[in-house]
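Topology and contacts: notes
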Amino acid sequence: MKWETSLSRECVRVLTSRSTSTRVDTGIREEVPVHDGSVQLPDGVRRMIEERAEAVGFAALKHAATAMSAAYRESRAVHMPDPARTAAYLVTRMPATFAAAHAVLRELRERLGTRPISSVLDIGAGAGAASLAARECFPEAQTITMVERDPALAAAAHQWLPEAAIMLEDVTRIKTLPPHDLVIAAYSLDEIAEPLAARLWQAARVALVAIEPGTPRGYALILKVREELLEAGASMAAPCPAATPCPLAAPDWCHFAARVERSSIHRRIKDAELGYEDEKFSYVAVAREPVDLPASRIIGRPRQRPGLIVLETCAPGGVRTVRAPRSDREAFRAARKATWGAAWTPRSVTVVCEPR
Ligand SMILES: C[S@@+](CC[C@H](N)C(=O)[O-])C[C@H]1O[C@@H](n2cnc3c(N)ncnc32)[C@H](O)[C@@H]1O
């Protein structure tokens with residue numbers, strides 16, 4: 001996201017009286033934290049990944065990870081026929097794709113309210129990162145089905161999702177996808193290459209989620225899928241606060257970030273000093289039935305200035321820069337808790353919003 005520094009003149013003052021809870025009671029299970037810091041793969045899964053990495057050995061792992069990063073940068077498909085490449089994917093990419101899927105599915109959970117999700121179809125499931133996130137965000141789901149053509153990744157997924165069904169197939173060859181409440185395509189549509197949105201939507205009884213890397217290319221694909229789904233009659237669920245055309249224009253693109261803690265082996269492979277990384281992703285979530293959309297969404301990292309917090313938000317009328325000065329105590333307090341990607345509904349506070 002390129003930040004707009006010059007603010008235009010028009011000011012809108014928003015004053016409402018509802019509270020700023022960041023937790024939602026879905027009525028299905030315990031309250032779900034909507035915004036938090038880093039998200040980690042379940043402990044058991046992390047241990048199994050470490051064991052696989054140790055079995056492969058550091059040198060082979062690092063070599064495979066380097067080859068994979070190059071392919072990722074060049075938007076080439078990554079095929080992983082051997083244990084080293086599979087382990088490299090599990091160590092370096094899976095924690096990040098899990099965190100991104102977790103952030104998206106938490107948001108969808110909130111948008112769907114009490115509507116339960118009893119089954120999940122994960123397309124291009126890889127090692128099951130999105131299915132694991134779905135299992136946490138929709139614990140009521142009885143059935144998880146993964147479609148994955150790579151046997152090594154499917155075998156890894158089976159290790160930590162033994163209850164899930166795996167269709168070890170090329171998804172483009174499956175005539176009719178089995179209907180499930182929630183259909184997820186996480187980091188897979190670009191690789192699958194064949195337009196698939198219409199078929200995925202046919203299979204989605206309640207909702208459909210597509211996630212891609214938070215790059216201009218990933219965003220362009222998400223935008224295309226978004227348009228196709230809305231034309232097919234889907235209701236917007238997230239991240240957009242309306243089903244109107246995206247107000248962003250190049251060089252801006254809509255993306256978000258999920259913080260991921262790096263394991264020590266991941267740090268060593270990357271020669272990284274930081275103990276975390278921010279996974280950038282673009283996504284769209286749609287639903288069969290209309291859902292409550294937020295007043296706006298924060299589409300960039302909040303910026304702290306002396307005595308001021310600035311939020312870039314997307315609202316139904318377009319992109320808005322929200323300025324919360326320290327003098328406006330309620331606005332300032334709310335903005336301090338605000339996070340990139342979160343819904344922003346000014347409540348009990350007065351904030352100044354300015355269209356760009
Ligand atoms: C970048 S990985 C993402 C994996 C996983 N969804 C995640 O978020 O970690 C893309 C996956 O899509 C799978 N894939 C690509 N084309 C496919 C196809 N035609 N049919 C089934 N799987 C496919 C690849 O094998 C790979 O596992």
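Before reading further, recall that the structure is shown in the block above.
Here's a quick rundown of the structure. (Residues numbered from 1 in each chain as written. Predicted model: local features only at pLDDT ≥ 70, side-chain atom pairs only at ≥ 80, totals over all residues.)

Along its length, the chain carries 11 helices and 16 strands. Long-range contacts, defined as pairs at least 24 residues apart, comprise 69% of the intrachain contacts of the chain with a sequence gap of at least 6. (Helix = DSSP H or I, 4+ residues; strand = E, 2+ residues; numbered from the N terminus. Contact = placed C-beta atoms within 7 Å.)

To continue, consider the packing of helix H2 (residues 58-73) against helix H3 (residues 83-92). It is at 8 Å that the axes of H2 and H3 come closest, and there the two elements cross at 75 degrees. With respect to H3, the element H2 is oriented roughly perpendicular. Counted together, Ala60, Leu61, Ala64, Ala65 and Met68 of H2 and Ala84, Arg85, Ala87, Ala88, Tyr89, Val91 and Thr92 of H3 form the full contact between these two elements. (Axes fitted to C-alpha atoms, helices over the stretch in contact; angles between N-to-C directions. Parallel < 35°, antiparallel > 145°, perpendicular 65-115°, else oblique.)

Take the site of the ligand next. The local shell around the ligand holds 20 residues, among which Thr97, Gly124, Gly126, Ala129 and Ala186 are the closest. At the level of secondary structure, the elements contributing two or more residues to the shell around the ligand comprise helix H4 (94-112), helix H5 (129-137) and helix H7 (189-192). Class assignment for the residues of the shell around the ligand results in 10 nonpolar, five polar and five charged. (Near = placed C-beta within 6 Å. Nonpolar A, V, L, I, M, F, W, Y, C, P; charged D, E, K, R; others polar.)

This part covers the nonpolar core. Generally speaking, nonpolar side chains in soluble globular proteins are found buried as a group. Ranked by size, the top nonpolar core spans 107 residues in total, and within it Ala207 and Val209 carry the most contacts. A per-element tally of this core places H4 first, with 11 residues. Setting aside residues up to four positions removed in sequence, alanine 207 forms contacts with Leu108, Leu112, Leu182, Ala237, Ala285, Val286 and Ala287. (Core = buried A, V, L, I, M, F, W, Y, C linked by C-beta atoms within 7 Å. Buried ≥ 20, exposed ≤ 12 C-beta atoms within 10 Å, placed from the backbone.)

This part takes up H3. Among the 10 residues of H3, nine are classified as buried, and the element is accordingly described as predominantly covered. Within H3, burial applies to Ala84, Arg85, Thr86, Ala87, Ala88, Tyr89, Leu90, Val91 and Thr92. Next to the buried residues of H3 lie helix H1 (43-56), H2, H4, helix H6 (151-160) and helix H10 (264-270).

Time to look at the environment of glutamate 279. Counting through the fold element by element, glutamate 279 comes out in strand E11 (residues 276-287). Owing to 23 C-beta atoms within 10 Å, glutamate 279 belongs among the buried residues under this scheme. For the pair glutamate 279 and alanine 99, spaced 180 residues apart in sequence, the C-alpha to C-alpha distance is 7.7 Å. Leave out the neighbours within four places in its chain, and glutamate 279 touches Ala96, Ala99, Ala100, Ala257, Ala258 and Val260.

Here the focus is unusual backbone geometry. Note that the residue after alanine 238, namely proline 239, is joined by a cis bond; omega there is 0 degrees. Summarising the element assignment, proline 239 is placed in the loop between strand E9 (235-238) and strand E10 (256-261). Positive phi outside glycine occurs at tyrosine 187, with the angle close to 55 degrees. Secondary-structure assignment places tyrosine 187 in the loop between strand E7 (180-186) and H7.

Let us now look at the packing of H4 against H5. One can describe the packing of H4 onto H5 by two numbers: an axis separation of 8 Å at closest approach and a directional angle of 40 degrees. In terms of crossing hand, the pair formed by H4 and H5 is right-handed. Across the interface between the two elements, Met94, Thr97, Phe98, Ala101, His102, Leu105, Arg106 and Arg109 from H4 touch Ala129, Ala130, Leu132, Ala133, Ala134, Glu136 and Cys137 from H5. (Left-handed = near helix turned anticlockwise from the far one by under 90°.)

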